[in-house]
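# Results of the structural survey
This is what each chain is made of:
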Amino acid sequence: MHAVRDHERAVDALRRSYTAVPAGEPVRLAKRTSNLFRPRSAPRTPGLDVSGLTHVLNVDPAARTADVQGMCTYEDLVDATLPHGLMPLVVPQLRTITLGGAVTGLGIESTSFRNGLPHESVLEMDVLTGAGEILTIRPEGERADLFRAFPNSLGSLGYATRLRIELQPVRRYVALRNIRFTRLEELTDAIGEVIAKGEWGGDPVDAMDGVMFSPGEAYLVLGTFTDEVERAPSDYTGQDIYYRSLRRRTRDVLTTYDYLWRWDTDWFWCSAAFGVQHPVVRRLWPARYRRSDFYHRLVRLEHRHQVAARVDRWRGLPARERVVQDVEIPLDRTADFLRWFAGTVGMTPVWLCPLRLREPAGPGSAGSWPLYPLQPGESYVNIGFWGSVPIADGAADGDVNRVIERAVSEAGGHKSLYSDAYYDREAFDRLYGGESWRAVKDRYDPDHRLTGLYEKAVARQ
């Protein structure tokens, strides 16, 4: 009962803070962490009070469900579910991604080849709409249009205050096979086989992702949940660095907890930008700061103060363009796209995460999500690349990102919107369900108090 009363008080505080925002002023969440890479205009009014919406309300081991507040991080959610031998169907890679953020802004991980995206395991949500109402929405019923349009709406249609999600049983460990490929077509063929059969070499596969270091060196990492292991689990929270292990180990074991956060300690490989992968620096760098949210704070400070950029100018180095994207490419176009990317952009390594929309009742049962219209029955590979490239003479900041956006569209793919986007409005509406978005927007936010999707994702408002 205490949890229910506390939740009601937190929702009341959110509604009061929303009412206090003057009409015409932008509405923002007042939250301490963010996994966005889109710079935004500075707010002129206080953000929405979500300070009381950070908890797990209930875990039901029998039903395999959890009721979770919208600002609860996956780190806290996993801490609540693992003691019951359960985990969310998809756990995004970084600890401070929130459940509400993964649903309204999309998320992905190594179970996505069979469980889809986080929003596909949501059973119902309570949402604060632009009209100031708290509505409970479900896949069916009179508000199903809002439920379907909510994923990838980025807060333009409302904010989730409570979500009920499905959970899956999990074992104590994850046994890993790191399989090297020297030809990208062999890699994509293997992905297709695992998706079709749910196994590789006769062993079941519960999780699958990978890394490409170059077109001639790529790895597929196949994970199997298990209670029995033949060796002590590895630890990549200390001196060892996870992504480097793929090149030197064909088999590995992690505890399930460490597997879920294997990428967080070094922000995949991006901690190298701060020197954290140097052995001396790593020993001196406090372990509590080897986390993606701390690295992200450093990046935000750099964006604000431009210290590294000024040093580069002093050294006579060219300015750099930030290239931070996750894109979904159809499986049969993935090898060609990866070769194009390696030859044109040249960033390395890149993350590979196979994906299909979830089919909860078997083939043909996948739903549709109009604001991120992946095709039911189609296999994709999420390709993640995060860093920067020098701006060539005569080029402008954003040119490389625009070239990538065109290549993704030509390959029949989609781009996540947590980072910079450069589409014109016509292209954006075509790619991200503009007509569906407007119909739902007009119904649930008739005065358009919440910032529009294009304005958030492209205009940086």
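Residues numbered from 1 in each chain as written. Predicted model: local features only at pLDDT ≥ 70, side-chain atom pairs only at ≥ 80, totals over all residues. Heavy atoms only, no water.

Convention followed: UniProt positions are given in the numbering used here, feature names are shortened, and annotations may be inferred rather than shown by experiment.
By the naming in an unreviewed UniProt entry, the protein is Delta(24)-sterol reductase, taken from Micromonospora globispora. Looking at the Subcellular location (unreviewed entry) heading of the UniProt record, one finds this comment for the protein: "Membrane".

### Some thoughts on the overall build of the protein
Counted only if it meets this: Where helices and strands are cited, they refer to DSSP runs of H or I of at least four residues and of E of at least two residues respectively, numbered from the N terminus. We take the radius of gyration over the C-alpha atoms and set the globule estimate at 2.2 Å times the residue count to the 0.38 power. Under the scheme applied here, a residue whose accessible area is under 20% of the maximum for its type counts as buried, over 50% as exposed, and between as partly exposed, the area being computed with a 1.4 Å probe on protein chains only. Contact between two residues is taken to exist if any of their heavy atoms lie within 4.5 Å; hydrogens are not considered. Here the Shrake-Rupley method, with its probe set to 1.4 Å, supplies the accessible areas, and only the displayed protein chains count as covering residues. We score Asp and Glu as negative and Lys and Arg as positive, and we do not count His or the chain ends. Charged side chains are reduced to one point each, which is NZ for Lys, CZ for Arg, CG for Asp and CD for Glu.
When its secondary structure is counted, the protein shows 16 helices and 18 strands. Taken over the C-alpha trace, the protein has a radius of gyration of 22 Å; the compact-globule value for 461 residues is 23 Å, and the two agree within 12%. Viewed in the frame of its principal axes, the protein has a C-alpha envelope of about 60 × 55 × 45 Å. Looking at the 461 residues of the protein, the share that counts as buried comes to 54%. Sequence separation of 24 or more characterises 72% of the internal contacts of the protein that already satisfy a separation of 6 or more. Within the structure as shown, the protein displays about 20,000 Å² of accessible surface, and the carbon and sulfur contribution to it stands at 50%. Side-chain charges in the protein split into 59 positive and 61 negative, and the spacing between the mean points of these groups amounts to 5 Å.

### Describing unusual backbone geometry
For the bond running from Thr348 to Pro349, omega is -5°, close enough to zero to count as cis. Considering the arrangement of structural elements, one finds Pro349 in the loop between α12 (331-344) and β16 (350-355). Here Asn152, not a glycine, exhibits a phi torsion of approximately 75°, which is positive. One can find Asn152 in the loop between α5 (144-149) and β8 (159-169). Judged by its relative accessible area of 0%, Asn152 falls in the buried class.

### Topic: the environment of Phe341
In this structure, Phe341 sits in helix α12. Judged by relative accessible area, Phe341 falls into the buried class, the value being 0%. Separated by 63 residues in the primary sequence, Phe341 and Ile404 place their C-alpha atoms 8.1 Å from one another. Every residue in contact with Phe341, bar those within four places of it in the chain, is listed here: Gly346, Met347, Val350, Phe385 and Ile404.

### Side note on the state of the cysteines
Spelled out, the test is: The term disulfide is used for any two cysteine sulfur atoms that are within 2.5 Å.
Scanning the entire structure with this criterion turns up 0 disulfides. No disulfide involves Cys353; its nearest neighbouring cysteine sulfur is the one of Cys270, lying 16 Å away.

### Looking at the environment of His55
Looking at the element boundaries, His55 is found in the loop between β2 (48-49) and β3 (56-60). Once the C-alpha coordinates of His55 and Met71 are considered, the two residues, 16 residues apart in sequence, prove to be 7.4 Å apart. Here His55 is in contact with Val68, Gln69 and Cys72, once residues within four sequence places are set aside.

### Considerations on the pairing of strand β6 (residues 122-128)
Let me state the cut-off plainly: For two strands to count as paired, DSSP must find a minimum of two bridges between them.
Within β6, 6 of the 7 residues are buried, which leaves it mostly tucked inside the rest of the structure. Two elements, β6 and β8, share 6 bridges in a ladder whose sense is antiparallel. Its bridge partner lying in β8, Val127 is registered against Ala160. Across 4 bridges, the pairing between β6 and strand β7 (residues 134-137) is antiparallel. Bridge assignment links Val127 to a residue of β7, and that residue is Leu135. Here β6 folds back onto β7 in antiparallel fashion, the turn holding 5 residues, of which Gly132 has a positive phi close to 80°.

### As for the packing of aromatic side chains
Working definition: an aromatic ring pair is given by the centre-to-centre distance plus the angle between the planes. Where we set the bar: Ring pairs shown here join Phe, Tyr and Trp side chains whose ring centres sit within 6.5 Å, with only the six-membered ring taken for Trp; geometry is labelled stacked below 30 degrees between planes, edge-to-face above 60, and tilted in between. Geometrically, a lysine NZ or arginine CZ counts as sitting over a ring once it is within 6 Å of the ring centre and also within 35 degrees of the ring normal.
Applying the stated criterion to the full structure yields 25 aromatic pairs. Aromatic pair Phe337 and Phe341: ring centres 6.4 Å apart, planes at 25°, arrangement stacked. Of this pair, Phe337 and Phe341 both sit in helix α12, 4 residues apart, which is roughly one turn of that helix. An aromatic cluster of three or more residues is present, and its members are Phe213, Tyr219, Tyr236, Tyr242, Tyr243, Trp263, Phe268, Trp269, Trp351 and Trp386. Lying across the ring of Tyr259, Arg262 places its NZ or CZ 3.9 Å from the centre. Here the basic side chain of Arg449 rests over the ring of Tyr18, its NZ or CZ set 4.6 Å away from the ring centre.

### Comments concerning the side chain of Thr224
How we decide: N or O atoms closer than or at 3.5 Å make up a polar contact, with two conditions inside protein: a donor-capable atom paired with an acceptor-capable one, and, for residues adjacent in sequence, both atoms drawn from side chains.
Mapped onto the fold, Thr224 is located in strand β13 (residues 217-226). Polar side-chain contacts of Thr224 include one of 2.5 Å to the backbone oxygen of Pro204. Residue contacts for Thr224: discarding those within four places in its chain leaves Tyr173, Val174, Ala175, Arg177, Pro204, Val205 and Asp206.

### Brief notes about the sheet that holds strand β14 (residues 251-255)
Strand pairing in a sheet takes place through backbone hydrogen bonds and is either antiparallel or parallel in direction. Rules: Each axis is a line fitted through C-alpha atoms, and for a helix only the stretch in contact is used; angles between axes span 0 to 180 degrees, taken between their N-to-C directions.
Taking strand neighbours across the sheet as the criterion, the 8 strands line up as β14-β9-β13-β12-β16-β17-β15-β18 in an open arrangement whose pairing is antiparallel. Where the open sheet ends on each side, the last strands, each with one partner, are β14 and β18 (414-415). Sheet topology places strand β9 (residues 173-181) next to β13; 9 bridges connect them, and they run antiparallel. The residue of β13 that forms the bridge with Arg177 is Leu222. Together, β12 (207-214), β15 (320-330), β16 and β17 (380-390) form the strand contacts of α12, whose direction differs from that of β15 by roughly 160°.

### Let's talk about the nonpolar core
This is how it is decided: Grouping buried Ala, Val, Leu, Ile, Met, Phe, Trp, Tyr and Cys residues that are joined through side-chain atoms within 4.5 Å yields what is termed a nonpolar core.
Counting 88 residues, the largest nonpolar core has Met125, Trp269 and Phe428 as the members making the most contacts within it. It is β8 that contributes the most residues to this core, 4 residues altogether. For Trp269, the contacting residues outside a window of four places in its chain are Val211, Tyr243, Trp263, Gln277, Pro349, Val350, Trp351 and Trp386. Judged by nonpolar contacts, the second largest core, of 35 residues, contains Leu184, Ile191, Leu331 and Ala335.

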